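Topology and contacts: notes
Below, each chain spelled out in residue letters.
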Amino acid sequence: MGKVFFVRQGDYGQGAVDSAVKRVFDHFGGISCFVRPDTRVLLKVNLVSGHDIERRVTTDPSIVRAAAKLVLEAGATPFIADSPGIDSFQRAAEKAGFVQVAEELGIECRELTDPVDLPPAENADFKHIQVSRQVLEADSVISLAKLKTHGQMYLTMGVKNLFGTIPGRLKAGWHYNVGLNREKFASLLLDIYAGVKPTFTLLDGVIGMDGDGPTSGEPYSFGLIGGCVDALTMDFWLCRMLGGKLEDYPLYLAARGKNLPQCELDAGDVEGDFSPDYVFPNVKLPKTRSMRLLPRIPFIERLMTSRPVHIPEKCIGCGRCAAVCAAHALRHENKHLYFDYGKCIRCYCCHEMCPVKAIKFQESRLLKMVNFFTH
Ligand code: SF4
Ligand code: SF4
């Protein structure tokens, strides 16, 4: 049996999504292989912050509804949960359509709060990660991830979705602790993933995002719903299918650094409606670079990453960008932003939290040159 199963699904019509999601679970033996009766199952959605559904930032409610109905049919109690970086949970969850799904099915939709220590997985690099208590108290976690590009981490799919189990602003603190090193941040993601141990990952790639993801890119119709037990394998295959290079994907580099077996890709791992050598046409990927060829010093690393810049004509002056910046590298005053690029750790949280796409990425000359000669 393949480790990753992809179903072709072109729209969010509920009946078709229900069938597609059931088909994904059935490939792995059915929902009852992952959910025991009378247990509490956390459905970890991708919420980020309050965005309209049409922006395709968040897991589509039809996917959440389909998964929740299957869990209910299996005799368990699902609850929808996530922790936005800065927004009010209620407002963000209403915009994303999660509150409505919960009301309709009579289930809970709640914020992940109350940080507690995550027992470290074997060989973890980070021993003191705190995730929400609700994550550890759930009997199982099903991750409902979204297929998107990501300015800092190249792509966000199954593994990255678990970063949201860290409550609220603690996430920005981790960005600051890890700093400019993307492989180190990817290592942190691997440790969170291994510690939380979702029993299943369901990926919403019906309409995902390319370009300046995870919040300011453009919707891209991948027409795909994916499922897997091992999200790392799925993420690596999708990197290739999106036309990306694994060597540009910090998650892959971190996994290779840990000698994880998933780094050996085997075409037999992928089954379903998409062949493993299928490549989606013209996907715009971030120009994230790995710094593996150059010395790892902050000056060089800053030159080798795009920097955030302001687009004043789009700005509404909400100040969320400055509020989320853990490095204190950004000041907001009357719709003007003042960046201190010497302090900036290129985490792009400001870009991610901007509700109106008023922050963009700008490549340095050196990065442009390297991209020109190597892409
Ligand atoms: S300015 Fe933006 S990219 Fe730079 S550290 Fe602050 S939040 Fe991160
Ligand atoms: S750049 Fe975006 S987040 Fe920052 S103040 Fe302007 S609108 Fe708000």
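Residues numbered from 1 in each chain as written. Chains lettered and ligands numbered in written order. Predicted model: local features only at pLDDT ≥ 70, side-chain atom pairs only at ≥ 80, totals over all residues. Heavy atoms only, no water.

Quick look at unusual backbone geometry
Most peptide bonds adopt trans geometry, and most residues besides glycine take a negative phi value. Defined as follows: Going along the chain from the N terminus, every DSSP run of H or I of four or more residues is numbered as a helix, and every run of E of two or more is numbered as a strand. Partly exposed residues are those whose accessible area sits between 20% and 50% of the maximum for their type, while under 20% is buried and over 50% is exposed, using a 1.4 Å probe and protein chains only.
In the segment running from Gly 213 into Pro 214, the intervening peptide bond is cis, with an omega of 10°. Note on placement: Pro 214 falls in the loop between strand E9 (200-210) and strand E10 (218-220). Within the chain, Tyr 154 stands out as a residue other than glycine whose phi angle is a positive 80°. Turning to its location among the elements, Tyr 154 is positioned in strand E8 (residues 154-156). Judged by relative accessible area, Tyr 154 falls into the buried class, the value being 2%. Even without a glycine there, the phi angle at Asn 282 is positive, about 55°.

Let's talk about the site of ligand 1
Let me state the cut-off plainly: Note on definitions. A residue lies near a molecule or strand when any single heavy atom of the residue is within 4 Å of it. The classification used treats Ala, Val, Leu, Ile, Met, Phe, Trp, Tyr, Cys and Pro as nonpolar, Asp, Glu, Lys and Arg as charged, and all other residues, Gly among them, as polar.
Around ligand 1 sit Pro 308, Cys 325, Ala 327, Leu 330, Phe 339, Cys 344, Ile 345, Arg 346, Cys 347, Tyr 348 and Cys 350, and those are all the residues in its vicinity. Here the residues of the shell around ligand 1 sort into 10 nonpolar, no polar and one charged.

Description of the pairing of strand E16 (residues 359-362)
Filter applied, for reference: Any two strands with at least two DSSP bridges between them are considered paired.
Here E16 shows a clear split, with Ile 359 and Phe 361 buried on one side and none of Lys 360 and Gln 362 buried on the other. Pairing between strand E13 (residues 307-310) and E16: four bridges, direction antiparallel. Residue pairing across strands places His 310 opposite Ile 359, the latter belonging to E16.

Looking at the packing of aromatic side chains
Formally: Stacked, edge-to-face and tilted are the three classes for Phe, Tyr and Trp ring pairs, Trp counted by its six-membered ring, which pair at centre distances within 6.5 Å; planes under 30 degrees apart are stacked, over 60 edge-to-face, the rest tilted. Two limits define a charge over a ring: the Lys NZ or Arg CZ must be within 6 Å of the ring centre, and within 35 degrees of the ring normal.
What the rule picks out here adds up to 18 aromatic pairs. Judged by centre distance (5.7 Å) and plane angle (65°), the rings of Phe 274 and Tyr 278 are edge-to-face. A relative accessible area of 2% means that Phe 274 is categorised as buried. Given a relative accessible area of 31%, Tyr 278 falls into the partly exposed group. When the ring of Tyr 278 is compared with that of Phe 280, the centres are 5.0 Å apart and the planes differ by 90°; the resulting orientation is edge-to-face. Residue classification places Phe 280 among the buried positions, given a relative accessible area of 4%. By the ring-pair criterion, three or more aromatic residues cluster together here, those being Phe 6, Tyr 220, Phe 222, Phe 274, Tyr 278 and Phe 280. Across the ring face of Phe 79, the terminal group of Arg 40 is positioned such that the distance to the ring centre comes to 4.2 Å.

Focus on the layout of surface pockets
Condition: Site definitions follow a grid-based scheme: protein atoms alone, a 1 Å grid, a 1.4 Å probe that fits but cannot get out for cavities, and for pockets an open set with protein on both sides within 12 Å along at least five of seven lines, plus lining residues having an atom within 4 Å of a point. Grid points are joined across faces, edges and corners, and a volume is the space filled by probe spheres set on the points.
Taken as a whole, the largest pocket encloses approximately 290 Å³ of empty space. Ranked by residue count, the leading element in the lining of the largest pocket is helix H8 (residues 182-196), at four residues. Looking at side-chain class alone, the lining of the largest pocket contains seven nonpolar, two polar and five charged residues.

Observations concerning the site of ligand 2
Taken together, 14 residues sit near ligand 2, with Cys 315, Cys 318, Gly 319, Cys 321 and Cys 354 positioned nearest. Split by residue class, the shell around ligand 2 holds 10 nonpolar, four polar and no charged.

Re the environment of Asp 11
As a reminder, the rule being used: The criterion used for residue contact is that any of the two residues' heavy atoms lie within 4.5 Å.
One can find Asp 11 in the loop between strand E1 (4-8) and helix H1 (14-27). Here the alpha-carbon distance between Asp 11 and Ser 221, two residues 210 residues apart in the chain, equals 8.7 Å. In contact with Asp 11, not counting residues within four places along its chain, are Val 17 and Val 206.

Structural notes on the domain arrangement of the protein
Applicable threshold: For each domain, the first and last residues come from an automatic or database assignment. In this description, buried area is defined as the sum, over both parts, of the accessible area (probe of 1.4 Å) that is lost when the two are combined.
In terms of domains, the protein is made up of domain 1 (4-272) and domain 2 (298-374). For domain 1 and domain 2, the distance between their C-alpha centres works out to 26 Å. Facing the 28 residues of domain 1 at the interface are 23 residues of domain 2. When the buried area of domain 1 at its contact with domain 2 is split by residue, Ile 86, Tyr 176 and Leu 180 rank highest and sum to 29% of it.

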